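Fold and geometry: a report
This is what each chain is made of:
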2 protein chains.
Amino acid sequence: MYVVQVVGYKNSGKTTFITQWIEYLTGKGYQVATIKHHGHGGEPDQIKETDSYQHFAHGAKLATVEGDSQILITADKKKIPLKSLLLFYQSLNIDIVIIEGYKQIPLPKIVLLYNEEDTLLEKVENVQYVYKGNVEQFFHEVEANIHEFEYEKIKAFL
Amino acid sequence: MYVVQVVGYKNSGKTTFITQWIEYLTGKGYQVATIKHHGHGGEPDQIKETDSYQHFAHGAKLATVEGDSQILITADKKKIPLKSLLLFYQSLNIDIVIIEGYKQIPLPKIVLLYNEEDTLLEKVENVQYVYKGNVEQFFHEVEANIHEFEYEKIKAFL
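Everything in this summary refers to the structure shown in the same document. (Residues numbered from 1 in each chain as written. Chains lettered and ligands numbered in written order. Predicted model: local features only at pLDDT ≥ 70, side-chain atom pairs only at ≥ 80, totals over all residues. Heavy atoms only, no water.)

1. Some remarks on the nonpolar core
Soluble globular proteins tend to pack their nonpolar side chains together in the buried interior. Within the largest apolar cluster, 46 residues are counted, with the highest numbers of intra-cluster contacts made by Leu 62 and Tyr 89 of chain A together with Leu 62 and Tyr 89 of chain B. Contact partners of Tyr 89 of chain A, with chain neighbours within four places excluded, come to Met 1, Ala 33, Thr 34, Ile 35, Ile 94 and Val 97 of chain A together with Leu 62, Ala 63 and Thr 64 of chain B. (Core = buried A, V, L, I, M, F, W, Y, C linked by side-chain atoms within 4.5 Å. Buried < 20%, exposed > 50% of the residue type's maximum accessible area, 1.4 Å probe, protein only. Contact = heavy atoms within 4.5 Å.)

Rendered as structure tokens:
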């Protein structure tokens, strides 16, 4: 499993970049998964008038609801630190995990700059790539060097 | 870990029963988690205008968003069959899992009847208890016999 971190300030194009990248990787046959830090503080946006959310609100540490093809798990964050979540992904044979945000974590990362004055590069560690346009070529380049993001080699950073 | 299945037709009081039970067990110090089958067909109710849901919609098999104290995971159901989900719960040291629905699964179960004419008992296997009022006494009784629901003993049913 490979774990790639993507960081960038608001409006640097992270969501577009990541959704395009998921499509690119999925098209190549990779099993992709993502982990995103909720950018605006507070809790994930979700519908609270559900039985499942009521289970969680009344004390369940995890509450899963299963539909026809999707499942939704609401969980107490303290029960699933990032490392446990990655272990879970690994157990499900995910090939590539894209982590968005968590700027303070020193995993090998791709930086998206908002503009020339963007100072993000001075504030994060372990930058492998700075993305500057030509998305297809960039995806090829990262894919060719994906071994740099091998989870077994980088998990000590967590 | 113990796994208890609760089944009952619509309006038999499952949601009230389960939320009271979660509170009872949590109050006794157990780590509780739930798994519910979405009762009305279709997919779990969730907000789709989120970056995380977009990751999922563009092909990610799992998409997690982490907030201040809660995390929300949207997943492709084919990636996480019930057995894998229970394995995940077990790895997180959950004590008691309450499964709501999945009438066709022959796990040891509690049946909630809607009324005297309710025919559910004829349609499900492995009934351990039929709940008929006096909720506190019922919770005590199940707790005293919780070993009947030991996951290691019953997982062959899945």
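2. Focus: the packing of helix H1 (residues 14–27) of chain A against helix H4 (residues 135–144) of chain A
All names here are of chain A. Where H1 contacts H4, the two axes come as close as 11 Å, and the packing angle between them is 60°. Judged by the angle between their axes, H1 and H4 are oblique. Where H1 crosses over H4, the handedness of that crossing is right-handed. On H4, the residues touching Phe 17, Gln 20, Trp 21 and Tyr 24 of H1 are Val 135, Glu 136, Phe 138, Phe 139, His 140, Val 142 and Glu 143. Classifying every residue of the contact of H1 with H4 by side-chain character gives 7 nonpolar, 2 polar and 2 charged. (Axes fitted to C-alpha atoms, helices over the stretch in contact; angles between N-to-C directions. Helix = DSSP H or I, 4+ residues; strand = E, 2+ residues; numbered from the N terminus. Parallel < 35°, antiparallel > 145°, perpendicular 65-115°, else oblique. Left-handed = near helix turned anticlockwise from the far one by under 90°. Nonpolar A, V, L, I, M, F, W, Y, C, P; charged D, E, K, R; others polar.)

3. As for the side chain of Glu 66 of chain B
Mapped onto the elements, Glu 66 of chain B comes out in strand E3 (residues 62–66). With sequence-adjacent residues up to four places away left out, Glu 66 of chain B is seen in contact with Lys 36, His 37, His 38, Lys 77 and Tyr 102 of chain A together with Ile 71 of chain B.

4. Overview of the interface of chain B and chain A
Interface extent is often summarised as the accessible area lost during association of the parts. In this assembly, 59 residues from chain B lie in contact with 59 residues from chain A. With both chains or domains summed, chain B and chain A bury close to 5,900 Å², and 58% of this area falls on carbon and sulfur atoms. In this assembly, chain B and chain A are joined by 4 salt bridges. Measuring nitrogen to oxygen at the nearest pair gives 2.9 Å for the salt bridge that ties Asp 51 of chain B to Lys 36 of chain A. In this assembly, chain B and chain A are joined by 50 residue pairs in polar contact (both at pLDDT 80 or more). Sorting the residues of the side of chain B that touches chain A by element identifies helix H1 (14–27), strand E2 (32–37), helix H2 (51–57), E3, strand E4 (70–76) and helix H3 (82–91) of chain B as the ones contributing at least two each. In terms of residue count, the dominant contributor to the side of chain B that touches chain A is E4 of chain B (7 residues). A breakdown of the residues in the side of chain B that touches chain A according to their chemical character gives 24 nonpolar, 23 polar and 12 charged. Note: strand E2 (residues 32–37) of chain A against E3 of chain B, 5 bridges, orientation parallel. If you follow His 37 of chain A over to E3 of chain B, its bridge partner there is Glu 66 of chain B. (Buried area = accessible area lost by both parts, 1.4 Å probe. Salt bridge = Lys/Arg side-chain N within 4 Å of Asp/Glu carboxyl O. Polar contact = N/O pair within 3.5 Å; in protein donor to acceptor, adjacent residues only side chain to side chain. Pairing = 2+ DSSP bridges.)

5. Thoughts on the packing of aromatic side chains
All names here are of chain A. For the coordinates displayed, the defined rule picks out 21 aromatic pairs over all chains. Ring geometry for Phe 17 versus Tyr 131: centroids 4.9 Å apart, planes at 50°, classification tilted. Linking Phe 17 in helix H1 with Tyr 131 in strand E7 (residues 127–131), this pair joins segments that are 114 residues apart in sequence. Across this residue pair, the class does not change: Phe 17 and Tyr 131 are buried. Among the aromatic residues, those joined into a ring-pair cluster are Phe 17, Trp 21, Tyr 24, Tyr 129, Tyr 131, Phe 138, Phe 139 and Phe 149. (Phe/Tyr/Trp six-rings, centres within 6.5 Å; stacked < 30°, edge-to-face > 60°.)

6. Focus: the relation of the copies chain B and chain A
Of the two same-sequence chains, chain B is brought onto chain A (RMSD 0.0 Å, axial shift 0.0 Å) by a rotation of 180°. Interpreted geometrically, this transformation is the action of a two-fold axis. By C-alpha distance to the rotation axis, the residue of chain B lying nearest is Ile 73 of chain B, at 2.5 Å. Both copies share a contact surface, since 100% of the interface residues of chain B are interface residues in chain A too. (Least-squares fit on C-alpha atoms with pLDDT ≥ 70 in both.)

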